[in-house]
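Chain by chain, the residues:
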Amino acid sequence: MTGVTLFPVLLIGVAHWLIPSLVPPTLPFGVRVPLDHAHAPVIDAWRRRYRVGTAGATAAAAVAVVLLRSPAAGPIAVGALLAAGVILYLAAHRAIRETKTSEGWFAGRRQVTVVDTSLRTDPERYPWRWAVPSLLLTAATIVIGIVEYPRMPQRLPRHLTPSGHAERFADKSIGTVFGPVIIEVLTTALMVTLAWVVLRSRARLDAEDPQAAARHRGFVSAMARALLALAACLDLTFLFAALQIWDLIGTGPVAAAAVPVTTALGVAVLLIVVLRTGQGGSRLRLGSARNEYAGRGRRPAPVNQDDDRFYRWGLVYYNRDDPALFVPKRFGIGWTLNMARPSAWMLLAATVAVAVIAPVLGASTH
């Protein structure tokens, strides 16, 4: 139990350590800076402070979990570790932004916004072959459930312990048998759709990186495949769980271990892709390319537009003039919402509603 509680603490600690290296160099701690200031003393100093601080907080949280051995220790340790990360991030964000303003890093610089229409006219193709395993596993779960339904026992386990033993039972019905199948179908549909959304997501192009569009293509292509691989692993998890609930395979520790192992495999694939690509493909190694804007007509090379005003604390994006709903995160991996769009608030409300209603519905079936 201590190992299970300790795992999220260590995972968050590793994420804290890695994130500063995964974001583009012109966006340290959510602040837009010119590339020639990406390693300014204030930025390098706060990278060190952030890592030392979060490493210390992770060690303290891990020790607390091991020593206390209480069910409440895990959630409290995770919450404290997340809070420490936020506090250190906000301190770094404020210090870097104040230094940027006081030293005039953008003063007299030619600020531009870069577009690449080929990302819309010739987008990355959907990797349907990567979606086949997930779709086949979902179909297999449905078929097995339909075929085996008449032979299933009248009492089915509703909850299994980590050792594979049933704690609660329920009468056999369409709801109890095919409830896991419905969740699997919805999960598959969500992951397949997310992969499509990722491929059509907005690129964060960089005036100081001529290969930003190529990096974006590599990033979204790898992320879409990773999401479909995760979907297949999750579907395998659902299949194993359903077979145990339907009493079609054993419910011992070996069978029970298959559920977390398959899920962990999918998460591991996603993490490997994230570490390899970085946010927006910032870590991808591509061949050198010349900046077309540099030196043209004896003008200085352009820099990205200083758009910090659209980001609250470098985290919350709010721009009424931007029709996009999803935009790339500045600190972290993935995308965030444009909170100036009413649809963003509707989506958040729907997410909260599902999070609240789903446990209630689940409890009502026991």
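In case you missed it, the structure is sitting above this.
Throughout what follows, the structure given in this document is the object of discussion. What you see is a predicted model, and the numbers here were worked out from it, not measured in a lab.

## Side note on the overall build of the chain
Right, on to step 1. Broken down by element type, the chain carries nine helices and eight strands.
Right, on to step 2. Buried positions account for 42% of the 366 residues belonging to the chain.
Right, on to step 3. By sequence separation, contacts in the chain at least 24 residues apart represent 71% of the contacts at least 6 residues apart.

## Description of the pattern of salt bridges
Right, on to step 1. For the coordinates displayed, the defined rule picks out 13 salt bridges.
Right, on to step 2. Two residues, R94 and E98, come together in a salt bridge whose shortest N-O distance is 3.0 Å. Here E98 and R94 lie together in helix α3 (residues 73–103), a separation of four residues that amounts to about one turn.
Right, on to step 3. Residue classification places E98 among the partly exposed positions, given a relative accessible area of 46%.
Right, on to step 4. In this structure, D209 and R215 form a salt bridge, with 2.7 Å as the shortest nitrogen-oxygen distance.
Right, on to step 5. For R215, a relative accessible area of 15% puts it in the buried group.
Right, on to step 6. Overlapping salt bridges, with partners in common, bring together R32, K100, D306, D307, D308 and R330 in one network.

## Quick notes on the packing of aromatic side chains
Right, on to step 1. Per the counting criterion, the structure on display carries 10 aromatic pairs.
Right, on to step 2. Note on Y50 and F331: the rings are 6.0 Å apart at their centroids and 90° apart in plane angle, and the pair reads as edge-to-face. Here the residue Y50 occupies a position in helix α2 (residues 41–68), and F331 occupies one in the loop between β7 (326–328) and β8 (335–337), the gap between them amounting to 281 residues. The pair formed by Y50 and F331 is uniform in burial state, with each residue classed as buried.
Right, on to step 3. Ring geometry for F219 versus W335: centroids 5.7 Å apart, planes at 35°, classification tilted. Of this pair, F219 sits in helix α7 (residues 212–245) while W335 is found in strand β8, placing the two residues 116 residues apart along the sequence.

## Description of the nonpolar core
Right, on to step 1. With 20 residues, the main nonpolar core has Y126, M223 and L228 as its most contacted residues.
Right, on to step 2. Within the residue set of this core, elements represented by two or more residues are α6 (174–199), α7 and α8 (253–277).
Right, on to step 3. The next biggest cluster of nonpolar side chains, apart from the first, holds 17 residues, and it includes I43, Y50, W105 and F331.

## Re a nonpolar patch on the surface
Right, on to step 1. There is a patch of nonpolar side chains on the surface, built from V86, L90, W313, L315 and V316 and spanning about 430 Å² of accessible area.
Right, on to step 2. Along the polypeptide, L90 turns up in helix α3.

## Some details on unusual backbone geometry
Only a minority of non-glycine residues have a phi that is not negative, and only a minority of peptide bonds are not trans.
Right, on to step 1. For F29, which is not glycine, the phi torsion reads 50° and is therefore positive.
Right, on to step 2. With respect to the helices, strands and loops of the structure, F29 is situated in the loop between α1 (2–22) and α2.
Right, on to step 3. Here the phi dihedral of W313 falls at roughly 60°; this positive angle occurs in a residue that is not glycine.

## Some words on the packing of helix α5 (residues 128–148) against α6
Any two packed helices are characterised by how steeply their axes cross, that is the angle between the axes, and by the distance between the axes.
Right, on to step 1. Here α5 crosses α6 at 165°, and the two axes come no closer than 10 Å. By the criterion of interaxial angle, the relationship of α5 to α6 is roughly antiparallel. Considering the relative orientation of α5 and α6, their crossing is left-handed. Residues S134, L135, L137, T138, T141, I142, G145 and I146 of α5 pack against F178, V181, E184, V185 and T188 of α6.
Right, on to step 2. Of the residues that constitute the contact of α5 with α6, the class distribution is seven nonpolar, five polar and one charged.

## Some details on α3
Right, on to step 1. Between its first and last C-alpha atoms α3 spans 45 Å; for 31 residues at 1.5 Å apiece the expected length is 45 Å, and the two agree.
Right, on to step 2. Note on α3: the residue one or two positions beyond its end, G104, has a positive phi of about 60°.

## Topic: the packing of α6 against α7
Right, on to step 1. Two elements in contact, α6 and α7, have axes whose closest approach is 9 Å; the angle formed by their N-to-C orientations is 175°. By the angle between their directions, the pair α6 and α7 is classed as roughly antiparallel.

## What to know about the side chain of S221
Right, on to step 1. Tracing the backbone shows S221 in helix α7.
Right, on to step 2. Looking at S221, the relative accessible area reads 14%, which means it is buried.

Here is what the cut-offs are and how they apply
Residues numbered from 1 in each chain as written. Predicted model: local features only at pLDDT ≥ 70, side-chain atom pairs only at ≥ 80, totals over all residues. Heavy atoms only, no water. Helix = DSSP H or I, 4+ residues; strand = E, 2+ residues; numbered from the N terminus. Buried < 20%, exposed > 50% of the residue type's maximum accessible area, 1.4 Å probe, protein only. Contact = heavy atoms within 4.5 Å. Salt bridge = Lys/Arg side-chain N within 4 Å of Asp/Glu carboxyl O. Phe/Tyr/Trp six-rings, centres within 6.5 Å; stacked < 30°, edge-to-face > 60°. Core = buried A, V, L, I, M, F, W, Y, C linked by side-chain atoms within 4.5 Å. Patch = residues over 30% accessible without salt bridge, like charges linked within 9 Å, V, L, I, M, F, W, Y side chains within 5 Å. Areas by Shrake-Rupley, 256 points an atom, 1.4 Å probe, with all protein chains shown as cover. Axes fitted to C-alpha atoms, helices over the stretch in contact; angles between N-to-C directions. Parallel < 35°, antiparallel > 145°, perpendicular 65-115°, else oblique. Left-handed = near helix turned anticlockwise from the far one by under 90°. Nonpolar A, V, L, I, M, F, W, Y, C, P; charged D, E, K, R; others polar. Expected span 1.5 Å × (residues − 1).

Nothing here speaks to function; it is geometry throughout.
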